[in-house]
Amino acid sequence: MENKKKLLINVVIAIVVYAAVMILLNSGLLNRQMRSLITPICTNVMLAVSLCLIVGFLGELTLGHAGFMSLGAYTGALLSLNLPFPPYVSLFIAIIAGGCVAAVAGAIIGIPVLRLRGDYLAIVTLGFGEIIRSVINALDITGGARGLSGIERLTNYNHFTLVFVLTLIVIVVVSNLINSRHGRAICAIRDNYIAAEACGIPVSRFKIMAFIISAFLAGIAGVVYAHNIGILKPANFDYNTSIEILVMVVLGGMGSIKGSIIAAVILTALPELLRGAADYRMLIYSIVLIAMMLFRNSNFNAALIEKKNLKAMQKLQKEGK
Amino acid sequence: MSLLNSILEQLINGLRTGSIYALIAIGYTMVYGIAKMINFAHGDIIMVGAYALYVYSSILKLPLVAAIILTVVTCSVLGIITEKIAYKPLRNAPSLAVLITAIGMSFLLQNVALLIFKATPIPFASVVNVSGIRLGSLYLSGTTLVTLGVTVIAMVALTLFVNKTKAGRAMRAVSEDRGAAELMGISVNATISLTFAIGSGLAAVAGILYISQYETLMPTLGALPGIKAFVAAVLGGIGSIPGAMFGGIILGIIESLSKAYISTQLSDAIVYGVLVVVLLVKPSGLLGKLKIEKV
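Residues numbered from 1 in each chain as written. Chains lettered and ligands numbered in written order. Predicted model: local features only at pLDDT ≥ 70, side-chain atom pairs only at ≥ 80, totals over all residues. Heavy atoms only, no water.

Student: When you look at the overall build of chain A in this model, what are you seeing that I'm missing?
Tutor: Of the regular secondary structure elements, chain A holds 14 helices and zero strands. Shown N-terminal to C-terminal, the secondary structure of chain A runs as helices and strands in the order α-α-α-α-α-α-α-α-α-α-α-α-α-α. The globule rule puts the C-alpha radius of gyration for 321 residues at 20 Å, and the 21 Å found for chain A is close to it. Principal axes of the C-alpha set define a box for chain A whose edges measure 70 × 50 × 45 Å. Across the 321 residues that make up chain A, the buried fraction comes to 49%. When contacts within chain A are restricted to residue pairs at least 6 apart in sequence, those whose partners lie at least 24 apart make up 78%. Accessible surface, chain A as shown: approximately 15,800 Å² in total, 65% of it carbon and sulfur. Computing the positive centroid from 26 side-chain charges and the negative centroid from 14, chain A places the two 9 Å apart. (Helix = DSSP H or I, 4+ residues; strand = E, 2+ residues; numbered from the N terminus. Rg over C-alpha atoms; globule rule 2.2 N^0.38 Å. Buried < 20%, exposed > 50% of the residue type's maximum accessible area, 1.4 Å probe, protein only. Contact = heavy atoms within 4.5 Å. Areas by Shrake-Rupley, 256 points an atom, 1.4 Å probe, with all protein chains shown as cover. Lys, Arg positive; Asp, Glu negative; His and termini not counted. Charge placed at Lys NZ, Arg CZ, Asp CG, Glu CD.)

Take a look at the structure:
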């Protein structure tokens with residue numbers, strides 16, 4: 001009963017969001033700058049949700065998510081530039097292929113995951129991301145540092161329905177996975193991997209699985225990204241991009257898909273809306289980041305949480321009577 | 001003969017960049033050993049060092065020695081302040097929270113520099129005024145000589161400090177077991193502050209050497225050597241000071257050889273590839289100790 005109610009609420013939220021954006025788009029209330037923000041917001045939501053699977057639920061830190069995204073973006077762009085099919089068919093193939101190539105990379109990166117943990121893993125994923133970027137930079141087929149241009153803009157705001165559906169699919173895949181038996185196993189690995197192993201959970205298999213799924217979804221986000229901006233440059237996928245995605249996941253509260261979505265929307269929209277204070281916006285952004293982390297781990301916050309828990313307990317006790 | 005010559009030249013180039021990496025990597029590794037955190041803002045301390053030198057020597061026109069000393073002091077103080085403000089309250093927080101804070105700190109330093117000095121690169125001639133020497137057919141520039149000399153001196157001094165003095169012993173004790181060290185009467189806070197001060201001071205020295213080599217000031221100049229040095233620290237085994245020195249120099253040499261003989265564009269990929277392979281074979285780095293996890 002509880003679950004059905006939740007599902008209904010989520011469906012209503014999705015419909016309301018979709019309707020609101022469609023109305024805003026069609027009524028011409030949005031200026032050009034706001035319209036151009038719509039797809040980046042969706043891309044970042046996809047990226048944040050897919051990274052949330054690894055960082056929030058599996059509990060491993062990766063700094064190479066932009067690498068997966070760039071693989072998807074380049075594969076997708078090259079396919080839709082070279083395939084002879086009608087644009088939407090090519091786009092469909094590009095999305096699947098982009099996801100698959102990124103997933104293969106995810107599997108390759110998943111192997112060291114079995115041997116490394118924590119900070120060492122973080123640096124290896126950072127290394128992988130940079131390797132992907134420099135290889136793309138050095139290849140001819142990807143246009144090197146000049147970039148790849150002339151990609152048809154099939155996912156910009158005129159195609160909001162398509163982008164919205166893709167974003168929903170990504171969110172549904174991750175949230176259904178987390179609520180399944182596999183998802184509980186992944187969370188158990190995060191909480192205590194030795195105990196999880198002792199309970200008979202095949203830790204290695206689930207770790208690689210999480211990496212592959214996350215990479216696949218990031219690859220899809222990359223394809224959408226490529227078909228929105230129309231030009232790809234290796235410099236757009238450096239480690240700062242990975243960190244930006246990571247910040248979304250962390251600010252949203254690790255292990256919360258809803259939080260990641262909200263943080264992705266706000267963090268993508270905020271810098272654009274703050275353009276008036278352009279010189280100070282990155283400064284504000286960094287101060288917010290530090291302040292947020294300090295607050296989350298402060299005694300004051302701990303006291304607040306305790307108070308809330310106490311109230312909930314008292315309520316439960318009353319209900320018991 | 002000419003091939004041998006060019007290889008030797010590349011080795012020396014590698015040694016020069018590598019020793020800068022090593023100086024930065026020591027900061028990463030010391031902080032990691034004692035505070036168990038990756039200080040992502042460490043790379044930006046290099047940038048602060050470079051700008052501080054510019055301000056002291058070019059704008060305030062102080063004598064060179066005074067400017068260098070002031071630069072090192074500025075960075076050390078900055079290191080202590082960042083630790084007190086941003087990292088100390090998070091000492092018992094999950095490591096990811098600390099990492100994010102450090103990333104925030106790095107953004108903050110970069111953007112403050114961007115606001116003060118603007119994004120346009122500032123040309124800044126090398127402060128090193130030493131003429132180069134010729135060894136047979138090999139030419140060593142003044143910057144190279146000073147870089148190598150300063151690095152050797154700094155490393156010897158640091159090794160002596162860590163192994164022979166009381167404060168150094170306290171540092172090793174804290175990195176071994178913080179709780180036990182505290183019970184023995186070691187002031188953990190003071191030791192951590194000292195570590196940040198030394199690490200940031202070395203980063204300032206590295207910043208001065210780096211800027212004498214590249215001669216252009218930018219708010220983001222610290223990011224690249226910062227990441228490379230971080231890789232060097234992990235390669236050598238994070239937490240181990242000899243490992244950081246060794247890792248830095250190895251990394252510099254690999255980078256310069258692959259730039260010269262394989263491909264300039266792929267040199268970064270090769271550097272990271274070596275890192276991945278080393279970590280797969282020896283997960284705790286070249287000289288790191290493997291910790292056995294107990295339940």
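Student: How should helix α5 (residues 142-164) of chain B be read in this particular structure?
Tutor: Since there are 3.6 residues in each turn of an α-helix, residues three or four apart along the chain are aligned in direction. Residue and element names in this part refer to chain B. For α5, with 23 residues, the first-to-last C-alpha span of 32 Å sits near the 33 Å given by 1.5 Å per residue. Those residues of α5 that fall on the buried side of the exposure criterion are Gly-142, Thr-143, Thr-144, Thr-147, Thr-151, Ala-154, Met-155, Leu-158 and Val-162. The inward-facing, buried residues of α5 abut α1 (2-35), β3 (138-140), α6 (166-176), α8 (188-214) and α10 (241-261). (Expected span 1.5 Å × (residues − 1).)

Student: So what exactly am I meant to see when it comes to the pattern of salt bridges here?
Tutor: Side-chain pairs of opposite charge can arise whenever the charged atoms involved come near each other. In this structure the tally under the stated criterion is six salt bridges over all chains. Salt-bridge contacts for Asp191(A) lead to Arg190(A); the nearest nitrogen and oxygen are separated by 3.1 Å. Arg91(B) is the partner of Glu83(B) in a salt bridge, and the nearest nitrogen-oxygen pair spans 2.8 Å. According to the relative accessible area criterion, Arg91(B) is partly exposed, its value standing at 24%. (Salt bridge = Lys/Arg side-chain N within 4 Å of Asp/Glu carboxyl O.)

Student: What is the right way to read the side chain of Thr125(A) from this model?
Tutor: All names here are of chain A. Tracing the backbone shows Thr-125 in helix α6 (residues 118-138). Exposure remark for Thr-125: the relative accessible area of 4% places this residue in the buried category. A polar side-chain atom of Thr-125 sits 3.0 Å from the main-chain amide nitrogen of Leu-63. With near-sequence residues (within four places) excluded, Thr-125 lies in contact with Leu-61, Thr-62, Leu-63, Gly-64 and Ile-109. (Polar contact = N/O pair within 3.5 Å; in protein donor to acceptor, adjacent residues only side chain to side chain.)

Student: Before we go on, may I ask you to explain the packing of helix α3 (residues 38-58) of chain A against helix α8 (residues 181-191) of chain A in this structure?
Tutor: Residues and elements named next belong to chain A. Viewed as axis vectors pointing N to C, α3 and α8 meet at an angle of 55°, and their least axial separation amounts to 8 Å. Classified by the angle between their axes, α3 and α8 sit oblique to one another. On α8, the residues that touch Gly-56, Phe-57 and Leu-58 of α3 are Ile-186, Cys-187, Ile-189 and Arg-190. Taken together, the residues of the contact of α3 with α8 sort by class into five nonpolar, one polar and one charged. (Axes fitted to C-alpha atoms, helices over the stretch in contact; angles between N-to-C directions. Parallel < 35°, antiparallel > 145°, perpendicular 65-115°, else oblique. Nonpolar A, V, L, I, M, F, W, Y, C, P; charged D, E, K, R; others polar.)

Student: Explanation requested: the interface of chain A and chain B in the structure shown.
Tutor: Where interface size is given, it is often the accessible area lost as the parts come together that is meant. Taken together, the contact between chain A and chain B spans 38 residues of the former and 44 residues of the latter. Buried surface at the junction of chain A and chain B, summed over both partners, amounts to about 3,700 Å²; 79% is from carbon and sulfur atoms. On the chain A side of the interface with chain B, the three residues burying the most area are Tyr120(A), Ile123(A) and Ile290(A), jointly 16% of the side's total. Counting across the chain A and chain B interface gives zero salt bridges. Among the secondary structure elements, those contributing two or more residues to the side of chain A that touches chain B are α6, α9 (193-198), α11 (239-251) and α13 (278-296) of chain A. (Buried area = accessible area lost by both parts, 1.4 Å probe.)

Student: Would you take a moment to explain the domain arrangement of chain A for this structure?
Tutor: Residues and elements named next belong to chain A. Looking at chain A, the domain boundaries give domain 1 (1-30) and domain 2 (40-320). For domain 1 versus domain 2, the distance between C-alpha centres works out to 23 Å. Tallying the contact residues gives seven residues for domain 1 and six residues for domain 2. For the pair domain 1 and domain 2, the summed buried area comes to about 530 Å², and 83% of that belongs to carbon and sulfur atoms. (Domains from an automatic or database assignment.)

Student: Would you explain the state of the cysteines in this entry?
Tutor: Covalently bonding the sulfur atom of one cysteine to the sulfur atom of another cysteine gives a disulfide. Tallied over the full model, the rule gives zero disulfides over all chains. Cys52(A) takes part in no disulfide bond, and the closest cysteine sulfur to it belongs to Cys187(A), at a distance of 9.6 Å. (Disulfide = S-S within 2.5 Å.)

Student: Is there a simple way to explain the packing of aromatic side chains in this structure?
Tutor: Two aromatic rings, taken as a pair, are described by how far apart their centres are and by the angle between their planes. Going through the model one piece at a time under the given rule, you end up with eleven aromatic pairs over all chains. Centroid distance Tyr87(B) to Phe196(B): 5.8 Å. Interplanar angle 35°. Geometry classified as tilted. In this pair, Tyr87(B) sits in helix α3 (residues 64-87) while Phe196(B) sits in helix α8, placing the two residues 109 residues apart along the sequence. Pair check on accessibility: Tyr87(B) and Phe196(B) agree, each one buried. Among the aromatic residues, ring-to-ring pairing joins Tyr18(A), Phe160(A) and Phe164(A) into one connected group. The side chain of Lys207(A) reaches across the aromatic face of Tyr193(A), ending 5.7 Å from its centre. (Phe/Tyr/Trp six-rings, centres within 6.5 Å; stacked < 30°, edge-to-face > 60°. Lys NZ or Arg CZ within 6 Å of the ring centre and 35° of its normal.)

Student: Mind showing me how you'd approach a nonpolar patch on the surface here?
Tutor: Residues and elements named next belong to chain B. Taken together, the side chains of Leu-3, Leu-4, Ile-7, Leu-8, Leu-11, Tyr-261 and Ile-262 make up a nonpolar region of the molecular surface, amounting to roughly 640 Å² of accessible area. Tallying contributions element by element places α1 first for the nonpolar patch, with five residues. Tracing the chain through its elements places Ile-7 in helix α1. When its relative accessible area of 33% is taken as the criterion, Ile-7 is described as partly exposed. (Patch = residues over 30% accessible without salt bridge, like charges linked within 9 Å, V, L, I, M, F, W, Y side chains within 5 Å.)

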